[in-house]
Amino acid sequence: MLDTAIPVPLHQNRRFQVLWTGAAASVLGARLADTAYPLLLLAMTGSPAVAGAFGAVQFAASVLCGVHAGAVADRYDRRTVLLAADAVRFLATASVVVALAVHHFTVAHALLAAAVVGGATAYGGPVRMLAVRAVVPAAQLPQALAREELRGSTAALLGPPLAGLLFAVGRAVPVLGTALGSLFSFLATCAVRYDGRPAAPESDRSEVPHPPGPWTGLRLLLASPLLRATLGAAIPLNLVGSAMTLAVIVLLRDRGGSSTAIGLTLAGEAVGAIAGAFLVGRLQRLAGPGRLLLAAAWLCVPLTLAPLLPGGQVTVFLALAAMNLAMPALRVMIDVLIFQQVPDALRGRVIAVTMTALMLGVPAGTFGAGLLLDRLAPGTALALLAGLLALGLLPSTCSRALRSAAWPAPGH
């Protein structure tokens, strides 16, 4: 158990800094891959469908493995699982680099690598989140989670343009960067020792089902009014946010925006999230986590309509930045309201189910937005999305358990 009597400042916590740096390399590598593989497959085949297949296969593998990954995180040493996930990702990506070097890379190889990387990401995700808890005192956890959000947002901002620059140097170069990111993460985890063994279930706690199965995390989420309401606010926010991105792209295109201008405008999402990572502590002092979650979610309802205001791309950029300003704090609140409410013996399952549910909102939102935009003007689609978000937030807003939720006491 971590000694929290005299916690060192987070910037002096060597174990956290090493893990954070390794994870940052891994996340940046993943963002490189999101752009590099479609570019590579499009150059090879000329088919947009094949280019998009990599991401689809990777996502499907992550979803299919998600629930089982949570059970693995609660059953085996979590540090070992994280090492195995990083090693598998490195080997799968390195095989692509080698195949490109010897001119034997095929579409089938790319899709197999996508499935392996997606599955490894599913298993590594929950244990990477749990690793933070093993090396950071509870009182510093919100600050550490804010650093985690800063890492992801920065990678999202830098990854696509960096992948394009590296691809211009050579087709294998961004893929090599992805492989090196996984390798660096593996080495960082090797360098940090912590107790990765899950805690044994407490037999005197009725909320811990015995024996826990793969779906225990979902049952636990649905059984608790607080957990259910928190997820009920996060899912529509994530779904409408992904749908809004496509609607904004179509809106800007219809207004004559170039692809470069559209890309720069969409960067407002990452810019807002990066700025928001520095506001987590201040936002915590404003209200309880439940009220803050609801306030930030409801603020996104009018902001969904902001792209329709005058000002063009500047207005859209500012709206996207404002919507994402609270996202780091929202993710910290999801951690406080969901992950910290369950016993450690089941935390991996709950994290995996939550991550899977939020992941599903991205393709569902994009697909739903595509159907709407086939029949409606972008402005009408945005108005409808704002209305759907408001309706989706109503049940959680009525939850007394969510509104009365409090921040955990220091040391808990």
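The structure this text deals with has already been given above.
Residues numbered from 1 in each chain as written. Predicted model: local features only at pLDDT ≥ 70, side-chain atom pairs only at ≥ 80, totals over all residues. Heavy atoms only, no water.

A.B. asks: Explain the overall build of the chain residue by residue, including any values.
C.D. replies: Along the backbone of the chain there are 17 helices and zero strands. Along the longest, intermediate and shortest principal axes, the C-alpha atoms of the chain span 60 × 50 × 40 Å. Counting all 412 residues of the chain, 49% fall into the buried class. Counting contacts in the chain only where the partners sit at least 6 residues apart, residues at least 24 apart contribute 86% of the total. Carbon and sulfur atoms make up 69% of the accessible area of the chain, which totals about 18,300 Å². If you average the places of the 28 positive and of the 16 negative side-chain charges in the chain, the two averages end up 3 Å apart. (Helix = DSSP H or I, 4+ residues; strand = E, 2+ residues; numbered from the N terminus. Buried < 20%, exposed > 50% of the residue type's maximum accessible area, 1.4 Å probe, protein only. Contact = heavy atoms within 4.5 Å. Areas by Shrake-Rupley, 256 points an atom, 1.4 Å probe, with all protein chains shown as cover. Lys, Arg positive; Asp, Glu negative; His and termini not counted. Charge placed at Lys NZ, Arg CZ, Asp CG, Glu CD.)

A.B. asks: If you had to explain the packing of aromatic side chains to someone new, which residues and values would you point to?
C.D. replies: Under the defined criterion, the tally for this structure stands at one aromatic pair. With a centroid separation of 3.9 Å and an interplanar angle of 10°, the aromatic rings of Tyr 37 and Phe 54 are classed as stacked. Residue Tyr 37 is found in helix α1 (residues 14-45), and its partner Phe 54 is found in helix α2 (residues 48-75); the two are separated by 17 residues along the sequence. You can call Tyr 37 buried: its relative accessible area is 3%. Of the residues examined, Phe 54 reaches a relative accessible area of 3% and is grouped as buried. (Phe/Tyr/Trp six-rings, centres within 6.5 Å; stacked < 30°, edge-to-face > 60°.)

A.B. asks: Which residues make up the state of the cysteines, and what values go with them?
C.D. replies: A complete count under the given rule lists zero disulfides for this structure. The structure places no disulfide on Cys 398, whose sulfur is separated from the nearest cysteine sulfur, that of Cys 300, by 19 Å. We classify Cys 398 as exposed; its relative accessible area is 61%. (Disulfide = S-S within 2.5 Å.)

A.B. asks: With reference to specific residues and values, describe the pattern of salt bridges.
C.D. replies: Counted by the stated rule, this structure contains four salt bridges. Between Asp 74 and Arg 78 there is a salt bridge, with the nearest N and O atoms lying 3.0 Å from each other. Of the two residues, Asp 74 and Arg 78, both sit in the buried class. Salt-bridge contacts for Arg 128 lead to Asp 86; the nearest nitrogen and oxygen are separated by 3.0 Å. Residue Arg 128 is located in helix α4 (residues 107-135), and its partner Asp 86 is located in helix α3 (residues 78-101); the two are separated by 42 residues in the primary sequence. Note on Arg 128: relative accessible area 16%, which makes it buried. (Salt bridge = Lys/Arg side-chain N within 4 Å of Asp/Glu carboxyl O.)

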